[in-house]
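Here's the letter readout for the chains.
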Amino acid sequence: MEGEEGGDVGRKIRIGVCVMEKKVKCGPEVFSAPMGQILDRLQAFGEFEVIHFGDKVILQDPIESWPVCDCLIAFYSSGYPLEKAEAYAALRKPFLVNELEPQHLLHDRRKVYEHLEMYGIPVPRYACVNREVPYQELDYFAEEEDFVEVNGERFWKPFVEKPVDGDDHSIMIYYPSSAGGGMKELFRKVGNRSSEFHPEVRRVRREGSYIYEEFMPTGGTDVKVYTVGPEYAHAEARKSPVVDGVVMRNPDGKEVRYPVLLTPAEKQMAREVCIAFRQGVCGFDLLRSEGRSYVCDVNGWSFVKNSYKYYDDAACVLWKMFLDAKAPHLSSTIPPILPWKVNEPVQSNEGLTRQGSGIIGTFGQSEELRCVIAVIRHGDRTPKQKVKLKVTEEKLLNLMLKYNGGKPRAETKLKSAVQLQDLLDATRILVPRTRPGRESDSDAEDLEHAEKLRQVKAVLEEGGHFSGIYRKVQLKPLKWVSIPKSDGEGEEERPVEALMVLKYGGVLTHAGRKQAEELGRYFRNNMYPGEGTGLLRLHSTYRHDLKIYSSDEGRVQMSAAAFAKGLLDLEGQLTPILVSLVSKDSSMLDGLDNASREMEEAKARLNEIITSGTKLIHDTISSEFPWMTDGAGLPPNAHELLPELVKLAKKVTEQVMLLAKDEDENLTEPSAYDVVPPYDQAKALGKTNIDVDRIAAGLPCGSEGFLLMFARWRKLERDLYNERKNRFDITQIPDVYDSCKYDLLHNSHLDLKGLYELFNVAQLLADGVIPNEYGINPQQKLKIGSKIARRLLGKILIDLRNTREEAMSVAELKSSQDEISVSLTTRKEEARENSQPKLFISSNDLRRPGTSDQDEDDDKETKYRLDPKYANVKTPERHVRTRLYFTSESHIHSLMNVIRYCNLDESLQGEESLVCQNALERLYRTKELDYMSYIVLRMFENTEVPLDDPKRFRIELTFSRGADLSPLEKKDGEAEWLRREHTLPINGPERLQEVGSCLTLEKMEMMIRLFAMPAEDFPPASTPAGFSGYFSKSASVLERLVNLWPFHKSSSSSSSSNNVKS
């Protein structure tokens, strides 16, 4: 080889392509698009001759007869003789773009992770399970319901299971029972699918060796990085197969991917991966989770598809790489105009000019939507229920001790499937075979106790298997005795009585899932104007910073997942969507503890007003502002309606009792239950339509049998009115109304007489009671609301401030960019003569005066951004922050009360309400904030006014009353159809401000700040996973702006080659 080189100075450098044809060709003589595009560009430089070996030569010919080349492109694929290629390289010693020996590592995921760790490259937390034969039992591996344990290290679901064989792409994700359980299988794209969800699979595989690793929440996106040498990295984002398994494709049928910018730390990781595996051209997968990045797979040779800019850059990098290796005496300065662009006209810079969104603001100026914040109540649910009973049975007391660590005075909470199964087994033994009282006159308390045990058993058996977010049991010891210790030394306490509290119900119905998904779709199409293809394009191009939060309640989590499904046009089951996209924050979205005393006071005063029959006093002020009166909204004859409510509730309960009695007597006989398959709650998680078979069989909708339905109504009837004490309990009114509404919508086929009349009376009372439970007058409403929603209000202010800071930072630097553009235009001719494509951006080029590395550290949130150089996007700098908070009725009422009454605080006397007079009147008439009710804050930026003008940022407030109850109140055809579908439509949004008014962010902050948790009281912000912000406050902003003009056309400086391209 050396001799040839000396005697053949003028010949071209020979590049050998020693690769299986299926990987690089579309046909016998045609290279695949990326390989062909790049090799064509290399040949256009003039220094290279490309030699393609072909399958016959590679597989059949001896290496001595293979073409002799100076540089070799060779990489493994199925059927490729890697050892043979290694022997050829040893014989001819060509320059290797990708070294061959390290490619053996890529076939074993264990070795890949070991190698990454050796070089200090972050990987997810993982452990290996190695089996020599299928189903081999291993003493260091254990599996429980919600975790696996490897060598003492525990991996809680969700976790990932990967075969150690790098060529086996069957990767599984196992989900926790609290999210519905099941498994998702990821695989190589088949048509339009890349994964499949299996709700019934809950046990891990045992037929081979596997890696178990922590599931990293990435916000529903994957990032693939492509290196060309250690100094160049290109990154693209795509929808993760974890979410719904449907591949997003463009009109040409290609998977939709969008180029993104890498952070400095990620650029260094790209460099290290390239060096660690000695693969010049290398693709790897990056997970962005909670502010950090991890490498989870290394693929070896990979090219980007369908990016001409990438083809240009890759050809230039390879050209320089080959010349430095084989002809260092030749200049490797890239020519000012690339050879394949000689005859192309110079492109205008106008294509990157920022376009307004087209949203016309209140004063006629063009505005940009910057932020959407929505607080949303969960969807339609089954009635929430509770069973309380005192237990003395030994089996139940032993169960309590088993799960509280044997502590006689400690209470126990049973939520997991194993715990609930134990309780069910014990209850089945204790429930009498025949009902007491049928053949003998049993004690009334024994009868009630047996009935409650039977109810507990029925609740635990409901649904076919357990899911912790729907049922939970508390066992609290009440009485103890002292007994001798088993070893005879002294005494010990033992509980002899405990209080069992079973909470169940409150499950999101098929209608609730449908409502949430439809509302998500509505938001997608109506809340994000001006992008043409709307939110989906914003989201998929990393210009949408989305974060979804939920309270801890199962119905709220599933509402959030169903909403996300509609918002992002996803498909399939809700469990993977929930785990991938929804973050739980119970401290912000759960609980009433902070205001429990004030709420009790409000309920006591409410009870006094209703039961005493006190007429509400209406003076001049209250006639103009009726919401200012104590107990506003209560019907004037509330005390007369209470006895009517009790009478109608008894009538309905008696009918349900007859149905339950028939069901109980038929349990041992063939019945509808033998024909209709048992209701499976896990399989129902993704359903948005009714169970036709159950309805046709005359059974209650969903999972409730007649026994449980009767228990629900009997408890309501008993709790509503105590006959012995002649006392009404008004706190039961919302629950009676809840049950009426549920049965009218879901069980109208049972034809319960008097239910409609009961609904009307309960609605009249509930419309007055529910709003007043959160404060009997505006001042108390404000106090209670600020206590319940304090943390949420603080978070909303943080969201708005962060958006403003990002927008202002970009606006300042945009003006700098405009100055750069003017300067570039005047120097265009000089630049074309003296410059070269700038492939490597120096970190010094990216810093503006006064910035330092410290600025990067000070940013609480890592920003992941679209790379505008490669993106076919009209407005690459447009960015929208979306924060969605899913919660319960209490937080919706509380937030609304603070927004409309905040000006009543002493320190804000004289300030006008954030809500206009017309909206205050509408809110007074809006008695109920029903399922899927929401409050939306949208922030717009008016880019035509100065940065310091308060009117630069405008807040728009809207709300929806949620589910429209009119189909339950009307008798027309549409109402009949909706009742048949068991689904109520959602009311559209209503304005809270006058048309033409301008609520500035400054005014909003001033009015709300008093009632919000201060920013400094929040824990350090958890960095958004996955789809995150587009901007940053320091060097990376300038980097983004540098990238907004086509640097490969004109740049006045060359840069060092030791910086990774963004």
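Residues numbered from 1 in each chain as written. Predicted model: local features only at pLDDT ≥ 70, side-chain atom pairs only at ≥ 80, totals over all residues. Heavy atoms only, no water.

A. Structural detail: the overall build of the chain. Secondary structure assignment for the chain yields 35 helices and 34 strands. Looking at the 1062 residues of the chain, the share that counts as buried comes to 56%. Long-range pairs, those at least 24 residues apart, make up 75% of the contacts in the chain between residues at least 6 apart in sequence. Total accessible area on the chain is roughly 45,100 Å²; 49% of this is exposed by carbon and sulfur atoms. (Helix = DSSP H or I, 4+ residues; strand = E, 2+ residues; numbered from the N terminus. Buried < 20%, exposed > 50% of the residue type's maximum accessible area, 1.4 Å probe, protein only. Contact = heavy atoms within 4.5 Å. Areas by Shrake-Rupley, 256 points an atom, 1.4 Å probe, with all protein chains shown as cover.)

B. A look at empty space enclosed by the protein. Per the counting criterion, the structure on display carries seven cavities of 30 Å³ or more. In this structure, the second largest cavity occupies an estimated 240 Å³ of space. Forming the boundary of the second largest cavity are 22 residues, of which Pro771, Lys781, Arg900, Leu923 and Thr926 lie nearest the centre. Counting residues per element, the ones that place at least two in the lining of the second largest cavity are helix H25 (755–773), helix H26 (778–788), helix H30 (889–901) and helix H31 (917–925). Ranked by residue count, the leading element in the lining of the second largest cavity is H30, at five residues. Looking at the lining of the second largest cavity, its residues break down into 10 nonpolar, eight polar and four charged. (1 Å grid on protein atoms, 1.4 Å probe; cavity = no way out; pocket = protein on both sides within 12 Å on 5 of 7 lines; lining within 4 Å. Points joined across faces, edges and corners; volume = space filled by probe spheres on them. Nonpolar A, V, L, I, M, F, W, Y, C, P; charged D, E, K, R; others polar.)

C. Spotlight on a positive patch on the surface. There is a patch of like positive charges on the surface, built from Lys386, Lys388, Lys413, Lys415, Lys472 and Lys503. Mapped onto the secondary structure, Lys503 falls in strand E24 (residues 491–505). Of the residues examined, Lys503 reaches a relative accessible area of 34% and is grouped as partly exposed. (Patch = residues over 30% accessible without salt bridge, like charges linked within 9 Å, V, L, I, M, F, W, Y side chains within 5 Å. Salt bridge = Lys/Arg side-chain N within 4 Å of Asp/Glu carboxyl O. Lys, Arg positive; Asp, Glu negative; His and termini not counted. Charge placed at Lys NZ, Arg CZ, Asp CG, Glu CD.)

D. Looking closely at the packing of helix H3 (residues 33–45) against helix H8 (residues 308–326). Contact pair H3 / H8: the axes reach a minimum separation of 9 Å and the direction vectors enclose 50 degrees. The orientation of H3 relative to H8 falls into the category oblique. Seen from above, H3 lies across H8 with right-handed handedness. Judged by residue contacts, Ala33, Pro34, Gln37, Ile38, Arg41, Leu42 and Phe45 of H3 engage Tyr308, Tyr310, Tyr311, Asp312, Ala314, Ala315, Cys316, Leu318, Trp319 and Phe322 from H8. Taken together, the residues of the contact of H3 with H8 break down into 14 nonpolar, one polar and two charged. (Axes fitted to C-alpha atoms, helices over the stretch in contact; angles between N-to-C directions. Parallel < 35°, antiparallel > 145°, perpendicular 65-115°, else oblique. Left-handed = near helix turned anticlockwise from the far one by under 90°.)

E. Spatial organisation of a nonpolar patch on the surface. A surface patch of nonpolar side chains, amounting to about 320 Å² of accessible area, comprises Met118, Tyr119 and Ile275. Relative to the assigned elements, Tyr119 resides in the loop between helix H6 (109–118) and strand E5 (126–129). Tyr119 sits in the partly exposed class, given a relative accessible area of 37%.

F. Just the pattern of salt bridges, in detail. Considering all chains together, one arrives at 65 salt bridges under this definition. Salt-bridge contacts for Arg954 lead to Glu367; the nearest nitrogen and oxygen are separated by 2.8 Å. Taken together, the positions of Arg954 in strand E32 (residues 953–960) and Glu367 in strand E20 (residues 366–377) put the pair 587 residues apart, joining distant regions of the chain. By relative accessible area, Arg954 is classed as buried at 7%. Glu367 sits in the buried class, given a relative accessible area of 2%. Of the charged contacts in the structure, one is a salt bridge between Glu981 and Lys514, with a shortest N-O distance of 4.0 Å. Highlighted residues: Glu981 in helix H33 (residues 973–981) and Lys514 in helix H12 (residues 510–526), separated in sequence by 467 residues. Classification of Glu981 as partly exposed rests on a relative accessible area of 26%. Judged by its relative accessible area of 24%, Lys514 is partly exposed.

G. Region of interest: the sheet that holds strand E6 (residues 141–143). One open sheet holds the three strands; their spatial order is E6-E7-E8, and the pairing between them is antiparallel. Each edge of the open sheet is held by one strand with a lone partner, namely E6 and strand E8 (153–156). Neighbour-to-neighbour, the strand axes of the sheet open up by a mean angle of 15 degrees, direction not taken into account. As paired strands, E6 and strand E7 (residues 147–150) are joined by three bridges and run antiparallel to one another. Bridged to Ala142 within E7 is Glu149. (Pairing = 2+ DSSP bridges.)

H. Structural detail: helix H14 (residues 554–567). For H14, with 14 residues, the first-to-last C-alpha span of 20 Å sits near the 20 Å given by 1.5 Å per residue. Taken across its 14 residues, H14 has 14 buried, putting it largely inside the fold. (Expected span 1.5 Å × (residues − 1).)

I. Representation of the side chain of Arg238 within the structure. Inspection of the secondary structure assignment puts Arg238 in strand E15 (residues 233–239). Exposure remark for Arg238: the relative accessible area of 15% places this residue in the buried category. In this view, Arg238 contacts Lys189, Gly220, Thr221, Asp222, Glu255, Val256 and Arg257; residues no more than four positions away in its chain are not counted.

J. Summary view of unusual backbone geometry. Cis geometry is found at the peptide bond from Lys157 to Pro158, where omega equals 5 degrees. Tracing the chain through its elements places Pro158 in the loop between E8 and strand E9 (159–163). Within the chain, Asn726 stands out as a residue other than glycine whose phi angle is a positive 50 degrees. Among the secondary structure elements, Asn726 is positioned in the loop between strand E27 (721–722) and strand E28 (727–728). The exposure class assigned to Asn726 is exposed, which follows from its relative accessible area of 54%.

K. How the structure looks around the sheet that holds strand E21 (residues 384–391). Here four strands make up an open sheet; going across it, the order is E21-E24-E23-E22 and the pairing antiparallel. Each end of this open sheet is capped by a strand with a single partner; those strands are E21 and strand E22 (412–414). Neighbour-to-neighbour, the strand axes of this sheet turn through a mean angle of 25 degrees, independent of strand direction. With three bridges joining them, E22 and strand E23 (residues 472–484) adopt antiparallel strand pairing. Note that in E23 the partner of Lys413 across the bridge is Gln474.

L. Examining H3 more closely. If you check H3, its first and last C-alpha atoms are 19 Å apart, about what 13 residues at 1.5 Å a residue would give, namely 18 Å. What H3 keeps buried is the set Pro34, Met35, Gly36, Ile38, Leu39, Arg41, Leu42 and Phe45. The secondary structure elements touched by the buried residues of H3 are strand E1 (13–18), helix H2 (21–24), strand E2 (48–52), strand E3 (71–74) and H8. Looking one or two places after H3, you find Gly46, whose phi comes out positive at around 100 degrees.

M. View of the packing of aromatic side chains. Applying the stated rule across the entire model yields 27 aromatic pairs. When the centroid spacing of 5.8 Å and the interplanar angle of 90 degrees are considered together, the rings of Phe53 and Tyr88 count as edge-to-face. On the criterion of sequence distance, the pair formed by Phe53 in the loop between E2 and helix H4 (55–60) and Tyr88 in helix H5 (residues 82–92) is long-range, its members being 35 residues apart. With relative accessibility at 0%, the residue Tyr88 sits in the buried group. (Phe/Tyr/Trp six-rings, centres within 6.5 Å; stacked < 30°, edge-to-face > 60°.)

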